[in-house]
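One-letter residues, chain by chain:
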Amino acid sequence: MRDIRREEAQVRAARDVIQTINPDILIISDFDYDAELAALTAFAKLLAKAGAPYPHRFARRPNTGWATGLDMDGDGRRGTARDAQGFGAFAGQGGLAILSRYPFDEAGLQDFSALLWRDAPAALLPTHADGAPFPSKEALAVQRLSTTAHWALPVAIERKTLTLLVSQATPPVFDGDEDRNGKRNHDENALWLHHIEGRFGTPPSGPFVLALGSNLDPADGAGHRGAMHALLTHPKLQDPRPKSAGGPLAATPNQLGDPALDTADWREPTAEQFGPGNMRVDFVLPSAEITVTDAGVFWPAPEQTGHALALAASRHRLVWVDLALP
């Protein structure tokens, strides 16, 4: 709220990127949550002033920063950002939000954010070397699967309904041999497989879009890639493979995946310091019956208009897909 009211540089850059692409439905990650949606409303007003109005706003309290009172990462301490349900120094830090020009059907919302990790289908739970629950039985008894949230939210578009499947997973790193974050990342992304295949929740009966902050590249970096590969090749989904001109020019050396598909610009790895480099970790995957008319990643080349703007807005790039509903 402070940064938005001051119209600080990153806020202005994010506003201008959004105004440039001008999507009808916008999902924002890493946006701090407050109960009255005051910050989201203030940002929406800033966008409206710039010519990008979003009268419909949605957010729920995320798991990020939700205190547990327990040692959740096994370091022997309590009350740190890593001991919250999802990493966060305060309640609501780095949540998810949706802005739309079409109304939400909130009565039809399925919110899976409170699902305990141990209750998720085929959960890969972390253990100590002796097989005991990591970090403790008490911690796993309260640990939610969602780092941020898992929402299935219908949107009314004229006389049709489009369901948004939205989540933001933990990075599959920053842990130990127990692979807590790697396994959690896998299970967070895999939950959508179980959902669309009818094993968890009520799958969408019509067209839907999986808008997934996977924090997992299908080819590069660490993590368990099986769930992402299954989503990208699933017969109920399609991958528009949105590309940019700037991604290849900022490619990480020895990168395995196509850098034109990259959506995030992290520090390059060096001998002295960890850095994942550039990766494709943000996905917009429409259901198979939707017609995709265009797609892209807003990452202009250095000589193109908007290059500095994209870099100033976020280390993630805006992924956009144009759709024609059946």
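Heads up: these notes are all about the structure in this document. (Residues numbered from 1 in each chain as written. Predicted model: local features only at pLDDT ≥ 70, side-chain atom pairs only at ≥ 80, totals over all residues. Heavy atoms only, no water.)

### What about the overall build of the protein?
Then step 1. For the protein, the helix and strand inventory stands at 8 helices and 12 strands.
Then step 2. Taking 20 Å as the expected radius of gyration for a compact globule of 326 residues, we find that the protein reaches 19 Å, a close match to that expectation.
Then step 3. Its C-alpha atoms give the protein principal-axis dimensions of roughly 55 × 50 × 45 Å.
Then step 4. The burial tally for the protein puts 49% of its 326 residues in the buried class.
Then step 5. Counting only contacts in the protein whose residues sit at least 6 apart along the sequence, the fraction spanning at least 24 positions is 70%.
Then step 6. Carbon and sulfur atoms make up 51% of the accessible area of the protein, which totals about 14800 Å². (Helix = DSSP H or I, 4+ residues; strand = E, 2+ residues; numbered from the N terminus. Rg over C-alpha atoms; globule rule 2.2 N^0.38 Å. Buried < 20%, exposed > 50% of the residue type's maximum accessible area, 1.4 Å probe, protein only. Contact = heavy atoms within 4.5 Å. Areas by Shrake-Rupley, 256 points an atom, 1.4 Å probe, with all protein chains shown as cover.)

### Structural notes on helix H2 (residues 9-21)
Then step 1. The end-to-end C-alpha distance of H2 is 19 Å, a good match for the 18 Å that 13 residues give at a rise of 1.5 Å each.
Then step 2. Among the residues making up H2, those that are buried are Val11, Ala13, Arg15, Val17 and Ile18.
Then step 3. Where the residues of H2 are buried, they touch helix H1 (2-6), strand S1 (25-31), helix H3 (38-49) and helix H8 (307-313).
Then step 4. Asparagine 22 lies just past H2 and shows a positive phi near 55 degrees. (Expected span 1.5 Å × (residues − 1).)

### Here we look at the sheet that holds strand S5 (residues 150-157)
Then step 1. The 5 strands are arranged S4-S5-S6-S7-S10 in an open sheet whose pairing can be described as mixed. Strands at the two margins of the open sheet, each flanked by one partner only, are strand S4 (110-111) and strand S10 (282-286).
Then step 2. Here 8 bridges tie S5 to strand S6 (residues 160-168), and the two strands are oriented antiparallel to one another. Within the sheet, the bridge partner assigned to alanine 152 lies in S6 and is leucine 165. (Pairing = 2+ DSSP bridges.)

### Some words on helix H5 (residues 180-196)
At 3.6 residues per turn, the α-helix brings residues three or four places apart onto the same side.
Then step 1. Its 17 residues place the ends of H5 25 Å apart at the C-alpha level, agreeing with the 24 Å of an ideal helix rising 1.5 Å per residue.
Then step 2. Asparagine 189 marks the point of greatest bend in H5, at about 25 degrees.
Then step 3. The buried fraction of H5 is high, at 16 of 17 residues.
Then step 4. Phi turns positive one or two residues past the end of H5, at glycine 198, with a value near 85 degrees. (Bend = angle between axes of the 7 residues up to and from the residue.)

### Remarks on the environment of serine 113
Then step 1. Following the sequence through the fold, serine 113 ends up in the loop between S4 and helix H4 (137-140).
Then step 2. Sequence separation between serine 113 and arginine 60 is 53 residues; the distance between their C-alpha atoms is 9.5 Å.
Then step 3. Engagement of the side chain of serine 113 in a polar contact is seen with the backbone nitrogen of histidine 150, the distance being 3.1 Å. (Polar contact = N/O pair within 3.5 Å; in protein donor to acceptor, adjacent residues only side chain to side chain.)

### Observations concerning the pairing of S5
Then step 1. Taking burial as the measure, the 8 residues of S5 include 7 buried ones, the bulk of the element.
Then step 2. Pairing of S4 with S5, which is carried by 2 bridges, proceeds in the antiparallel orientation. Bridge assignment links glutamine 110 to a residue of S5, and that residue is alanine 152.
Then step 3. Connecting S5 to the antiparallel partner S6 that follows it, the hairpin turn spans 2 residues, and glutamate 158 within it adopts a positive phi of roughly 55 degrees.

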